[in-house]
Amino acid sequence: MSLANVNVEKNYLNRPKALGITVRRLQFNPKKIKRHYFANSPFMSHLLTALSSTFPIGEQFFVNSVRNVRDKVTDPKLQAQIAAFIGQEAMHSKAHTEFNDAWRRDDYQLDRFQAWLAKQDDTLRKAHPKLQLALTCAFEHFTAMLGGYILKHPEILSTLDEDAMKLWVWHAIEEIEHRSVAFDVYQEVYGDDRIRRLLMRSVTTGFASLTFYATSRLIWQDKWKSIPKLGGNLFGVYLVSKMLLQLIPEYLSYYQADFHPAKHDYTKLVNYWKARMADEYGMISFQEETASKIYS
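Remember, predicted model here, so these are calculated numbers, not experimental data.

A. Quick look at the overall build of the protein chain. Regarding its fold elements, the protein chain presents 13 helices and zero strands. For the protein chain, the succession of helices and strands along the chain, N to C, is α-α-α-α-α-α-α-α-α-α-α-α-α. Compactness check: the protein chain gives a C-alpha radius of gyration of 19 Å against a globular reference of 19 Å for 296 residues, within 12% of the reference. Based on the C-alpha atoms only, the size of the protein chain along its principal axes is roughly 65 × 50 × 35 Å. For the protein chain, with 296 residues in total, the buried portion stands at 51%. Considering only residue pairs separated by 6 or more positions, the protein chain has 85% of its internal contacts joining residues 24 or more positions apart. Here the protein chain has roughly 14,600 Å² of accessible surface; of this, 60% comes from carbon and sulfur atoms. Taken as two groups, the 38 positive and 32 negative side-chain charges of the protein chain have centres that lie 2 Å from each other.

Put into structure tokens, the structure is as follows:
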């Protein structure tokens, strides 16, 4: 091992605590979540479940893309944030694996899609580390946007049952907390904005087509229960259309010369939902976090 790598390893051991990024364990029961859990809308419910089916593989890819270049990061604060980022993504992968496993039923299969996704993952991991990290920056921008939108619209979340609420709000909060990590690593190691923006264009079309494909497969599997709910499906299409239109300015900010994920300030929003998760939903990790701030 080179002297530089030895020094980096020592920095890992002596790193400061990451500010604003907390690794939390989720306590929820995915088996209690009904199939059409989002506003009784099959379309919206299957869309979120389709996204969930991509998370275990996708988030492991994000972690690996950062690990690929971690030894090139010299800033100890960023090293601490990388550690917290990895911890949060590991918890997300675990929770969504549990959610996905709860849905493996005779008439509702995620396995074939996930097998296909694993093959795509194998292909992407052969790409240059710079391209892998640029892809992660793009996807992290999407997940932060979606997380922020969810938290900004409590009227939408009010339709979720308790366990679905815990999963998606917890995930949204943490995506916002670590939204800058991959970007900051990319800027320190590569700083090539042209490639970063170019990869965002590819991710935009790929992410949209992937989500549509996965959602349509789930709807077709559940067609006898999904298609008759015309009102719920139309409501779901309305919600998605409204969301996409409202997110356009934030999406386009990624192409600006002075872009940085932290420029979108979610502090008040995140603190509001942390308090709700602690008080109304009794989530231990948020209760402990609130208590530690009171006594610190």
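B. Main features of the packing of aromatic side chains. Within this structure, the stated rule accounts for 17 aromatic pairs. The interplanar angle of 25° and the centroid separation of 6.0 Å between the aromatic rings of Phe-113 and Trp-116 together place this pair among those described as stacked. Taken together, the positions of Phe-113 and Trp-116, both in helix α4 (residues 111-124) and three residues apart, correspond to about one turn of that helix. Take Trp-116: its relative accessible area is 37%, and that puts it in the partly exposed class. Through a chain of ring-to-ring contacts, the aromatic side chains of Phe-61, Phe-62, Phe-139, Phe-142, Phe-183, Phe-207, Tyr-251, Tyr-254, Tyr-255 and Phe-259 assemble into a single cluster.

C. A nonpolar patch on the surface, seen in detail. A cluster of nonpolar side chains, namely Leu-245, Ile-248 and Leu-252, defines an oily patch on the protein surface of about 290 Å² accessible area. Here Ile-248 lies in helix α11 (residues 230-252).

D. The pattern of salt bridges, seen in detail. Enumeration according to the criterion identifies 13 salt bridges in this entry. The shortest N-O distance in the salt bridge between Glu-289 and Arg-24 comes to 2.8 Å. Here Glu-289 is found in helix α13 (residues 284-295), whereas its partner Arg-24 is found in the loop between α1 (3-13) and α2 (42-67), with 265 residues between them in sequence. There is no split in this pair, since Glu-289 and Arg-24 are both buried. A salt bridge links Lys-263 to Asp-258, with the shortest nitrogen-to-oxygen separation between them at 2.8 Å. Residues participating in the shared-partner salt-bridge network are Arg-24, Glu-174, Glu-177, Lys-274 and Glu-289.

E. How the structure looks around the nonpolar core. Counting residues in hydrophobic clusters, the biggest one holds 81 residues, and the most contacted among them are Tyr-37, Val-185 and Met-277. For this core, the element with the most residues is α2, which contributes 10 residues. Filtering out sequence-adjacent residues up to four positions away, Val-185 remains in contact with Val-66, Val-69, Val-73, Leu-78, Ile-82 and Leu-133.

F. Focus on the packing of helix α5 (residues 129-152) against helix α9 (residues 193-221). Between α5 and α9, the shortest axis-to-axis distance is 9 Å and the interhelical angle comes to 60°. The pairing of α5 with α9 is recorded here as oblique in orientation. Our pair here, α5 against α9, has a crossing hand that is right-handed. Every residue of α9 that contacts α5 at Lys-130, Leu-131, Ala-134, Leu-135, Ala-138, Phe-139, His-141, Phe-142 and Leu-146 is listed here: Ile-195, Arg-196, Leu-199, Met-200, Val-203, Thr-204 and Phe-207. Partitioned by chemical class, the residues of the contact of α5 with α9 number 12 nonpolar, two polar and two charged.

What counts, and where the lines are drawn
Residues numbered from 1 in each chain as written. Predicted model: local features only at pLDDT ≥ 70, side-chain atom pairs only at ≥ 80, totals over all residues. Heavy atoms only, no water. Helix = DSSP H or I, 4+ residues; strand = E, 2+ residues; numbered from the N terminus. Rg over C-alpha atoms; globule rule 2.2 N^0.38 Å. Buried < 20%, exposed > 50% of the residue type's maximum accessible area, 1.4 Å probe, protein only. Contact = heavy atoms within 4.5 Å. Areas by Shrake-Rupley, 256 points an atom, 1.4 Å probe, with all protein chains shown as cover. Lys, Arg positive; Asp, Glu negative; His and termini not counted. Charge placed at Lys NZ, Arg CZ, Asp CG, Glu CD. Phe/Tyr/Trp six-rings, centres within 6.5 Å; stacked < 30°, edge-to-face > 60°. Patch = residues over 30% accessible without salt bridge, like charges linked within 9 Å, V, L, I, M, F, W, Y side chains within 5 Å. Salt bridge = Lys/Arg side-chain N within 4 Å of Asp/Glu carboxyl O. Core = buried A, V, L, I, M, F, W, Y, C linked by side-chain atoms within 4.5 Å. Axes fitted to C-alpha atoms, helices over the stretch in contact; angles between N-to-C directions. Parallel < 35°, antiparallel > 145°, perpendicular 65-115°, else oblique. Left-handed = near helix turned anticlockwise from the far one by under 90°. Nonpolar A, V, L, I, M, F, W, Y, C, P; charged D, E, K, R; others polar.

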